[in-house]
Amino acid sequence: MLGVAPMSIPAAFSPPLAIRPLRPFGNLATPLPRHTGVCLHAPPPSPGFYAIRRRSALRSSSPSSSLAERDGDADADFRGFGRAFAALLSALESRLLSVHDRLSRKRFERVAVAGVLLGLLTAVLRAAVGTSAHLFGALARIVGSAGGGPQEGGVSENVVGEGEVEEIAGEVPPLWELTAQHLAATKYGGRRASQREVEAMGVVRERVLGLTEGDKEAMDRAWVDSLTPVDLLRYVRGNGGEGRTAAEKLLATAVWRKDFGVTGILEEEETTIDAFFEGKVHEVDWLEEGADTESGRPSLLYRSAVHHPADIPTDRWVRFFVHQCEWARVHYPNDQVLVLVDRVGSGLSNQDPTVLRALAPVIVDHYPDTIGRVLIAPVNNVLYVIWGLVSLILDPTTKSRMKLIKGKDWRERLVECMDADKIPVRLGGTDTEL
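The present account deals with the structure reproduced in this document. (Residues numbered from 1 in each chain as written. Predicted model: local features only at pLDDT ≥ 70, side-chain atom pairs only at ≥ 80, totals over all residues. Heavy atoms only, no water.)

Things to note about the packing of helix α4 (residues 195-209) against helix α8 (residues 243-260)
Rule in force here: Think of each axis as a best-fit line through the C-alpha atoms, taken over the contacting stretch in the case of a helix, with angles from 0 to 180 degrees between the N-to-C directions. Helix numbering and strand numbering both begin at the N terminus, where a helix is a DSSP run of H or I of at least 4 residues and a strand a DSSP run of E of at least 2. Here the angle decides the label: under 35 degrees means roughly parallel, over 145 means roughly antiparallel, 65 to 115 means roughly perpendicular, and every other value means oblique. By definition, turning the near helix anticlockwise from the far helix through less than a right angle yields a left-handed crossing, and turning it clockwise yields a right-handed one. Any two residues whose heavy atoms approach within 4.5 Å at even a single point are treated as in contact. Any residue outside Ala, Val, Leu, Ile, Met, Phe, Trp, Tyr, Cys, Pro, Asp, Glu, Lys and Arg is labelled polar, Gly included; the first ten of those are nonpolar and the last four are charged.
Between α4 and α8, the least distance of the axes is 8 Å, while the angle of their chain directions is 40°. Between α4 and α8, the angle falls in the class oblique. Handedness of the α4/α8 crossing: right-handed. Packed against α4, whose contacting residues are A200, V203, V204, R207 and V208, the element α8 presents G243, R244, A246, A247, E248, L250 and L251 at the interface. For the contact of α4 with α8, a count of residues per class yields 8 nonpolar, 1 polar and 3 charged.

Some details on the side chain of R343
Definition in use: Burial classes follow relative accessibility: with a 1.4 Å probe on protein chains only, a residue under 20% of its type's maximum area counts as buried, one over 50% as exposed, and anything between as partly exposed. Within this scheme the basic residues Lys and Arg register as positive and the acidic residues Asp and Glu register as negative, but His and the chain ends are omitted. Basic side-chain nitrogens of Lys or Arg form a salt bridge, by our definition, when they fall within 4 Å of a carboxyl oxygen of Asp or Glu.
In this structure, R343 sits in the loop between β7 (337-342) and α11 (353-366). Buried within the structure, R343 lacks any salt-bridge partner; its nearest side chain of opposite charge belongs to D342, at an N-O separation of 8.3 Å. Beyond its immediate stretch of four places on either side in the chain, R343 contacts S304, Q351, I376, A377, P378, V379, N380 and L383.

Some points on the sheet that holds strand β6 (residues 299-303)
Defined as follows: Only strands that DSSP links by at least two bridges are regarded as paired with each other.
Ordered in space as β5-β6-β7-β8-β9, the 5 strands form an open sheet in which the pairing is mixed. Of all the strands in the sheet, just β5 (284-286) and β9 (402-404) have a single pairing partner and so form its edges. Going across the sheet, the axis of each strand differs from the next one's by a mean of 15°, ignoring polarity. Of the strand pairs in this sheet, β7 and strand β8 (residues 371-377) are connected by 6 bridges, and their pairing is parallel. Paired with L338 across the bridge in β8 is R373. Across the face of the sheet, helix α10 (residues 314-331) comes into contact with β5 and β7 while running at roughly 10° to β5.

Focus on the pattern of salt bridges
When the charged atoms of two side chains lie near each other, side chains of opposite charge can form a pair. For the coordinates displayed, the defined rule picks out 19 salt bridges. Between E242 and R196 there is a salt bridge whose closest N-O contact spans 3.3 Å. Here R196 lies in helix α4 and E242 lies in the loop between α7 (229-238) and α8, a separation of 46 residues in the sequence. For E242, a relative accessible area of 41% gives the class partly exposed. The shortest N-O distance in the salt bridge between E206 and R205 comes to 2.8 Å. It is possible to trace a salt-bridge network through shared partners that takes in D220, D231, R234, R257, E326 and R329.

Here it is, written out as structure tokens:
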């Protein structure tokens, strides 16, 4: 600790290292030179010097015994002082070591506690970033298209002008009676089909009409026979405007619907909102018509603060959302859905990427282009930064459909997009029942 070899301090003052005083024998007691102002000079001793020294030495009848006594006394005194000094140093060293050990333990404890806290903080941040990134990725997959379609609010080069297509009155005929004029007049999500999309819809139509009775046995036959031009357009837009890909996805959905048991799901009581959240605060609610003041889309409210992962099995969540997608398809066949994510009071413990990851392929593959807008409010700085990183890899259409609202005035900014009378008070509205 002190930087020297380990050695007992009292041993340093024990014989044979005892120091003896100078003895005045003969010329060993020659006076030291004096300074004369010019140089150092030692004058020769006077003739009586040695006589004086001899007489002083004869004053004792036993010179040797006298010297021995003086030497013994000096040695004893010095050894006593050495032992006392060594004991003092030993006590001081023990005290210093005790203080050092105590400080070291405290410093180690502080460092250990700081390390544990830093580890926990790092783990929490890693979990937050990872979970949020997964959530944003799943949301982006749900609301995003496979590419190729015009951006939200933009105009495609191949869009057929409103005045170039005559509106067709009356009921839409079945799939086998559709004409090119019916396909060109199709509108979904407020946008008419482009020329390229009309051609892709024709490819899908021909593929469906080519199905045999044996093919339909493995499919939801009722759904296939009731397909409309809007259904064809949804699959075309959801698959980047590629007719062949859209046809394969549509036929895969027909098989999935039969396996999943989608037919008759709207008659199931347990997948309705009231029954699904019986005895609990509703995590999901449909808002009144007109809540979306920007485009009039039907609006679904999701309250993340009351969600607790693992309270409800994931497969039940998936079936519940399939019920909601079917409800929207029946009641709003030509409109996309706006999803309002209410994050008031929500934290990391309420995030559940497991459900979203299970739900994403269902919506993307079997309900393509259903969600047209996602509003998330309020958003803190950490979540906003994560979204900024995730958005770097998203296409412009997907980014334009997702809006994160942050800042102290987030309620005022949300009301600019939504009707205040039809959203909860906690979100800046006036509805006290939600």
